[in-house]
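So the chains spell out like this:
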Amino acid sequence: MEKFKLFLDSNLKERNTTDKYSFPFRVGYERLSNYEQNSFPFHWHPEVEFTYVTEGCMEYQANDTLYKISAGNAIFTNSNVLHTARTAEPDSDCSYIVFVLNPVIVFGYEDSLIFNRYVNPICTEPELFSKYLSKESYFGRKIISLLLEAADIQNSADDGYELLVAEKLCALWFLLFQELKPHLNKKETGTATDINRIKTAIRFIQSHYNEDISLQDIADSCHISKSECCHLFKRTLRQTPFTYLLNYRIQRSLPLLLNDDKSMTEIAADIGFHGSSYFAETFKKVMSCSPRDYRKAHMK
């Protein structure tokens, strides 16, 4: 069975999240095992997101901060924040509900009083990129409860459900504002600069992964030195630029392996490897099976 895919543009922005002007609230019931390697890739979107774990445990990374989220707990991820998640243990799984919310449902129209006073300060605060929602705290429990109530109402699709969902989401945003208010109006720090640089570097890798690119090329793309580039990747993504490049090349090989017309040598060349042996060796390290075995299993 084909795994889930996130549809990202060249800037890692997720496409087709919510429809801003019809009904900007989406609820998804997902499992990490539905993704390759039990993990979805780094991406971002202008909507805010809440992720509630229903079973198992996940390691969730928002920008450069890593969280371990067990069943019953959740996380708020702000607008335009890089995020990814993977299972906490290699052989485990994790079920979760993702709530994607465009705050237009709260503020009504841009430059409104609600937008300027309650929404924009949260969505544009560079240091407020995520917030752990613990089931042990009143704030966490209340936010989770409102999300689940909104999802139940939306799933019912009864007449007027949109108004009732909007009511729940406005109450949720009020609680969020009250909780985050002490952290608003801070000046941009080095963390925000790091995230902008890593987005640029990742965009460069994803645009040139099939070429013979070097660490210097990646560093030049975001105007930093090679050593700072390595530190940047380790700080934010917890891996080296070269490891990210190899993993991304392997991700791009997966749809090619489902095409019987291409040989391993051709696929290796298409994704930037010098020879099929190195491709096969790297593939096995990342996917725990050979490219041929992957092809056989998924072609069935």
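Quick notes on the rules
- Residues numbered from 1 in each chain as written.
- Predicted model: local features only at pLDDT ≥ 70, side-chain atom pairs only at ≥ 80, totals over all residues.
- Heavy atoms only, no water.
- Helix = DSSP H or I, 4+ residues; strand = E, 2+ residues; numbered from the N terminus.
- Rg over C-alpha atoms; globule rule 2.2 N^0.38 Å.
- Buried < 20%, exposed > 50% of the residue type's maximum accessible area, 1.4 Å probe, protein only.
- Contact = heavy atoms within 4.5 Å.
- Phe/Tyr/Trp six-rings, centres within 6.5 Å; stacked < 30°, edge-to-face > 60°.
- Lys NZ or Arg CZ within 6 Å of the ring centre and 35° of its normal.
- Pairing = 2+ DSSP bridges.
- Salt bridge = Lys/Arg side-chain N within 4 Å of Asp/Glu carboxyl O.

Across its full length, the protein chain carries 11 helices and eight strands. A globule of 300 residues ought to have a C-alpha radius of gyration of about 19 Å, and the protein chain, at 21 Å, matches this closely. Projected onto the principal axes, the alpha-carbon positions of the protein chain cover approximately 60 × 45 × 35 Å. Taken over 300 residues, the protein chain has a buried fraction of 48%. Partitioning the intrachain contacts of the protein chain with sequence separation of at least 6 by distance along the chain shows that 70% fall at a separation of at least 24.

Right, let's talk about the packing of aromatic side chains for a bit. Taken as a whole and assessed by the stated rule, the structure comprises 14 aromatic pairs. Ring geometry for Tyr118 against Phe177: centres 5.0 Å apart, planes inclined by 80 degrees, an arrangement best described as edge-to-face. Of this pair, Tyr118 sits in helix α2 (residues 113–123) while Phe177 sits in helix α4 (residues 161–180), and the two are 59 residues apart along the sequence. Residue Phe177 is classed as buried on the basis of its relative accessible area of 9%. Between Tyr244 and Tyr248, the aromatic rings sit 6.4 Å apart at their centres with planes inclined by 5 degrees, giving stacked as the arrangement. Residue Tyr244 and its partner Tyr248 are located together in helix α8 (residues 241–257), separated by four residues, close to a single helical turn. As far as the burial class goes, Tyr244 and Tyr248 line up, both buried. Members of the aromatic cluster, connected to one another through ring pairs, are Phe273, Tyr278, Phe279, Phe283 and Tyr294. The lysine or arginine in question, Lys199, covers the ring of Trp44, its NZ or CZ lying 4.5 Å from the ring centre. Across the ring face of Phe273, the terminal group of Arg249 is positioned such that the distance to the ring centre comes to 5.7 Å.

A few words now on the pairing of strand β3 (residues 48–62). For β3, a buried count of 12 out of 15 residues is recorded, marking the element as mostly surrounded by other parts of the structure. Sheet topology places β3 next to strand β5 (residues 74–77); four bridges connect them, and they run antiparallel. In the strand pairing of β5, Glu49 is matched with Thr77. The sheet contact formed by β3 and strand β4 (residues 65–70) spans six bridges and is antiparallel. Within the sheet, the bridge partner assigned to Glu59 lies in β4 and is Lys68. Examined bridge by bridge, β3 and strand β6 (residues 83–87) share five bridges and lie antiparallel to one another. Across the sheet, Gln61 pairs through a bridge with Thr84, a residue of β6.

Overall, the coordinates contain eight salt bridges when judged by the stated rule. Here Lys262 and Asp270 are joined by a salt bridge, their closest N and O atoms 2.8 Å apart. One connected set of salt bridges, linked through shared partners, spans Asp194, Glu228 and Arg235.

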